[in-house]
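Below, each chain spelled out in residue letters.
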Protein chains: 2
Amino acid sequence: METKGILTVVSGFSGAGKGTLMHALLQRYPDRYALSISATTRQPREGEADGREYFFKTKDEFEKMIAKDELIEYARYVENYYGTPRAYVEEMLEAGKDVILEIEVQGAMKVKKAFPDTLLLFVTPPTAEELKKRLTGRGTETAEVIGSRLCRAAEEAEGMGQYDYLIVNDKLDVCVEEMHGIIQGEHCRNFRNTQFMEKIKQDLQELKGE
Amino acid sequence: METKGILTVVSGFSGAGKGTLMHALLQRYPDRYALSISATTRQPREGEADGREYFFKTKDEFEKMIAKDELIEYARYVENYYGTPRAYVEEMLEAGKDVILEIEVQGAMKVKKAFPDTLLLFVTPPTAEELKKRLTGRGTETAEVIGSRLCRAAEEAEGMGQYDYLIVNDKLDVCVEEMHGIIQGEHCRNFRNTQFMEKIKQDLQELKGE
C-alpha cells in the first residue's frame, strides 16, 4: 500500500485544543508522524530553539525563500512573515512519515492547491457553548476580548466545510486515537493507491494469459 | 458526531478472504456492526437457517418484494434471485450500527446509486501472484478452472477504481483493525456531519451577537 507519508493539515477553532492534540499524537506515535516546522522572521522568544519551534530567518532570507519557491505557503501577520518550508516537509514525506501541519483556514487552502493529496482535518469542541467557555478562559478576559474571539471563531467556522474530516475534541485520549485512525485509514484510500491498482490489474492480465 | 450507522459495501476478489475478514470484524465488535442478510429464492442448504444465512423466499414472494421496492438491489444468477432487503438494513442503520454488505462490483454500484453515502471497500490480496496461489487452492483444480477464476479476477479488478478504499488482506488481524479504523474514521467525514457543522455555525453567530 501507500508507503509515502500523507501531508495532513490541521486547522480548527482557537481554543479547540489542536496543539495539545497534535503533541499527544506525536508523543504516542513518534515513528509515524513528523510535525512541520514553520519558518518565521519574528524574534525567537526565550526557550525557543532554531529548527525546533521555528526556523528563524531574517526578512532578507525569508524573501529569498519566497522568490525561490521554497515555501509551500506563507503569510504576513503584522510585521512578520510565517511560512512552511517545502524541503523539510518533502523529506519527511519521502521517509514515509505523515507530516502534520497546523495552519489556519486560508493557509490550508493554499497548501491543498499546491498539494492536492493533502488531507484536511478540522478540530472543533463539541458545541459552540463549550467553545465559548474555553475562549472565556479563567474569567479574566474582558467582554470585548471574548467578543472578538467569538467573532473570529464564527469566521473560522465558515471554512469548516472545505475540510475532509471533522474531529470533535471532547476527550483528548479518544480524540488522539480518532485522529490516528483517520490518518492511517487514509493510506488505504483508492486515489492514494493508483500504482498498486494498476500493477495488480496488469499482473492479472499476464497471469490470465499464461 | 454522526450517530447513524454507515452502509458499508465490501467487495473484492474471490479468494481475497472477504468472508473471514467480515466475520472476524463482527466477532470483535459485535455492538458496532451488523451484517446485512440477503434474501434468496434458492433452497436452504443443510444447517442454514432462515433469517441467519439468508431470508429464504419463494419466487413469488421475491417478485413481490421487487415490485414493492423492498430491495436495495437484486440480481438473478442461473435460476435464482438474490437481493438485499431494505427494511433490515435501514433498521440497523437507524439503530446506529454500521451495516456491512458483501456484494460484487455491479451490485455495489447499484447500492451506491440508491444510497450515495455508502462506503465502498475493496479487499485484495497483496499481489496478483498471491491471488493466483489462493485461487489455485490445494492443487486439486484443473488448469481450466484456475484460468476461468483468473479471468473473473481480471474482470473484478476493472471495478476496483470505483471504490473508496482498498484493503490489502495480508495478515487477518492487522486487516480487521484497518477495516475497523477506516469505517470508524468515516464517521468523522465532513459530508456525514453537515448538521453538526450547520448547528455550530448558527450557534456561534448567536453567541457572537449576545
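Residues numbered from 1 in each chain as written. Chains lettered and ligands numbered in written order. Predicted model: local features only at pLDDT ≥ 70, side-chain atom pairs only at ≥ 80, totals over all residues. Heavy atoms only, no water.

Looking at the pairing of strand S6 (residues 80-85) of chain A
Residues and elements named next belong to chain A.
Turning to step 1, where the next piece is worked out: Where strand S3 (residues 38-40) and S6 come together, two bridges link them in antiparallel fashion. Across the sheet, Thr40 pairs through a bridge with Tyr82, a residue of S6.
Turning to step 2, where the next piece is worked out: Direction of pairing for strand S5 (residues 71-77) relative to S6: antiparallel, over a ladder of five bridges. Counted as the bridge partner of Ala75 is Tyr82 from S6.
Turning to step 3, where the next piece is worked out: Two successive antiparallel strands, S5 and S6, enclose a turn made up of two residues, where Val78 displays a positive phi of approximately 50°. (Pairing = 2+ DSSP bridges. Helix = DSSP H or I, 4+ residues; strand = E, 2+ residues; numbered from the N terminus.)

Some details on the interface of chain A and chain B
Turning to step 1, where the next piece is worked out: Tallying the contact residues gives 43 residues for chain A and 43 residues for chain B.
Turning to step 2, where the next piece is worked out: Both sides together, the interface formed by chain A and chain B hides about 3,600 Å², and carbon and sulfur atoms give 69% of it.
Turning to step 3, where the next piece is worked out: The largest share of the area that chain A buries against chain B comes from A:Leu166, A:Leu204 and A:Leu207, three residues that together contribute 16% of it.
Turning to step 4, where the next piece is worked out: At the junction of chain A and chain B, the tally comes to two salt bridges.
Turning to step 5, where the next piece is worked out: Notably, a salt bridge pairs A:Glu186 with B:Arg189, separated by 3.6 Å at the nearest N-O pair. (Contact = heavy atoms within 4.5 Å. Buried area = accessible area lost by both parts, 1.4 Å probe. Salt bridge = Lys/Arg side-chain N within 4 Å of Asp/Glu carboxyl O.)

A word on the sheet that holds strand S5 (residues 71-77) of chain B
All names here are of chain B.
Turning to step 1, where the next piece is worked out: One open sheet holds the four strands; their spatial order is S4-S3-S6-S5, and the pairing between them is mixed. Two strands lie at the open edges of the sheet, namely strand S4 (54-56) and S5, each paired on one side alone. Recorded for the sheet is a direction-independent mean angle of 25° between the axes of neighbouring strands. (Axes fitted to C-alpha atoms, helices over the stretch in contact; angles between N-to-C directions.)

Concerning the packing of helix H5 (residues 128-136) of chain B against helix H6 (residues 143-159) of chain B
Residue and element names in this part refer to chain B.
Turning to step 1, where the next piece is worked out: At a minimum axis distance of 10 Å, the contact between H5 and H6 shows a crossing angle of 135°. Between H5 and H6, the interaxial angle falls into the category oblique. Between H5 and H6 lies a crossing whose hand is right-handed. Here Leu131, Lys132, Leu135 and Thr136 of H5 lie close against H6, whose contacting residues are Ile146, Arg149, Leu150 and Ala153.
Turning to step 2, where the next piece is worked out: Split by residue class, the contact of H5 with H6 holds five nonpolar, one polar and two charged. (Parallel < 35°, antiparallel > 145°, perpendicular 65-115°, else oblique. Left-handed = near helix turned anticlockwise from the far one by under 90°. Nonpolar A, V, L, I, M, F, W, Y, C, P; charged D, E, K, R; others polar.)

Some points on the environment of B:Gly51
Turning to step 1, where the next piece is worked out: Tracing the backbone shows B:Gly51 in the loop between strand S3 (38-40) and S4.
Turning to step 2, where the next piece is worked out: Along the sequence, B:Gly51 and B:Ser38 sit 13 residues apart, while their C-alpha atoms lie 8.7 Å from each other.

Topic: the pairing of strand S1 (residues 7-12) of chain A
All names here are of chain A.
Turning to step 1, where the next piece is worked out: Most of S1 is tucked away, with six of its six residues classed as buried.
Turning to step 2, where the next piece is worked out: Burial of S1 is two-sided: the residues Leu7, Val9 and Ser11 facing one way and the residues Thr8, Val10 and Gly12 facing the other way are all buried.
Turning to step 3, where the next piece is worked out: Alignment of S1 against strand S8 (residues 119-124), held across five bridges, turns out to be parallel. By the bridge assignment, Ser11 is partnered in S8 with Phe122. (Buried < 20%, exposed > 50% of the residue type's maximum accessible area, 1.4 Å probe, protein only.)

Section: the relation of the copies chain A and chain B
Turning to step 1, where the next piece is worked out: When chain A is brought onto chain B, the operation consists of a screw motion whose angular component is 180° and whose axial shift is 0.0 Å, with 0.0 Å RMSD remaining. Here the symmetry operator amounts to a two-fold rotation axis. Closest approach to the rotation axis among the C-alpha atoms of chain A is made by A:Gly181, whose C-alpha sits 2.6 Å away.
Turning to step 2, where the next piece is worked out: Both copies contact each other with a shared surface, as 100% of the interface residues of chain A are interface residues in chain B too. (Least-squares fit on C-alpha atoms with pLDDT ≥ 70 in both.)

Concerning the sheet that holds strand S9 (residues 165-168) of chain A
Residue and element names in this part refer to chain A.
Turning to step 1, where the next piece is worked out: Taken in spatial order, the five strands make up an open sheet running S2-S7-S1-S8-S9, and their pairing is parallel. Of all the strands in the sheet, the pair left with one neighbour each is strand S2 (33-35) and S9. When strand polarity is set aside, the average angle formed by the axes of neighbouring strands in this sheet is 30°.

Re the confidence of the model for chain A
Turning to step 1, where the next piece is worked out: Within chain A, residue pLDDT values average 92, and 99% of them lie at 70 or more.
Turning to step 2, where the next piece is worked out: Across the assembled chains, the prediction reports ipTM 0.88 with pTM 0.90. (pLDDT = per-residue confidence, 0-100.)

Considerations on the pattern of salt bridges
Residues and elements named next belong to chain A.
Turning to step 1, where the next piece is worked out: Counted under the stated rule, the structure contains 32 salt bridges over all chains.
Turning to step 2, where the next piece is worked out: Here Asp203 ties to Lys199 by a salt bridge, and the two come within 2.8 Å at their closest N and O atoms. With Asp203 and Lys199 both in helix H8 (residues 194-209), this residue pair falls four residues apart, about one helical turn.

Description of the packing of aromatic side chains
What describes a pair of aromatic rings is the distance from one ring centre to the other and the angle between the planes of the rings.
Turning to step 1, where the next piece is worked out: Considering all chains together, one arrives at 20 aromatic pairs over all chains under this definition.
Turning to step 2, where the next piece is worked out: Measuring from centroid to centroid gives 6.4 Å for B:Tyr29 and B:Tyr33, while their planes differ by 70°, and the two rings are edge-to-face.
Turning to step 3, where the next piece is worked out: Residue class for B:Tyr29 comes out partly exposed when judged on its relative accessible area of 21%.
Turning to step 4, where the next piece is worked out: A relative accessible area of 2% means that B:Tyr33 is categorised as buried.
Turning to step 5, where the next piece is worked out: Judged by centre distance (4.8 Å) and plane angle (5°), the rings of B:Phe62 and B:Tyr81 are stacked. You can see B:Phe62 sitting in helix H2 (residues 59-67) and its partner B:Tyr81 sitting in strand S6 (residues 80-85), a full 19 residues away along the chain.
Turning to step 6, where the next piece is worked out: For B:Phe62, a relative accessible area of 0% translates into the label buried.
Turning to step 7, where the next piece is worked out: Joined through ring pairs, the aromatic side chains of A:Tyr54, A:Phe56, A:Tyr77 and A:Tyr82 make up one cluster.
Turning to step 8, where the next piece is worked out: For the cation-ring pair, A:Arg76 lies above A:Tyr81, with the distance from its terminal atom to the ring centre recorded as 4.8 Å.
Turning to step 9, where the next piece is worked out: One cation-aromatic arrangement involves B:Arg189 over A:Tyr165; the distance from NZ or CZ to the ring centre is 4.6 Å. (Phe/Tyr/Trp six-rings, centres within 6.5 Å; stacked < 30°, edge-to-face > 60°. Lys NZ or Arg CZ within 6 Å of the ring centre and 35° of its normal.)

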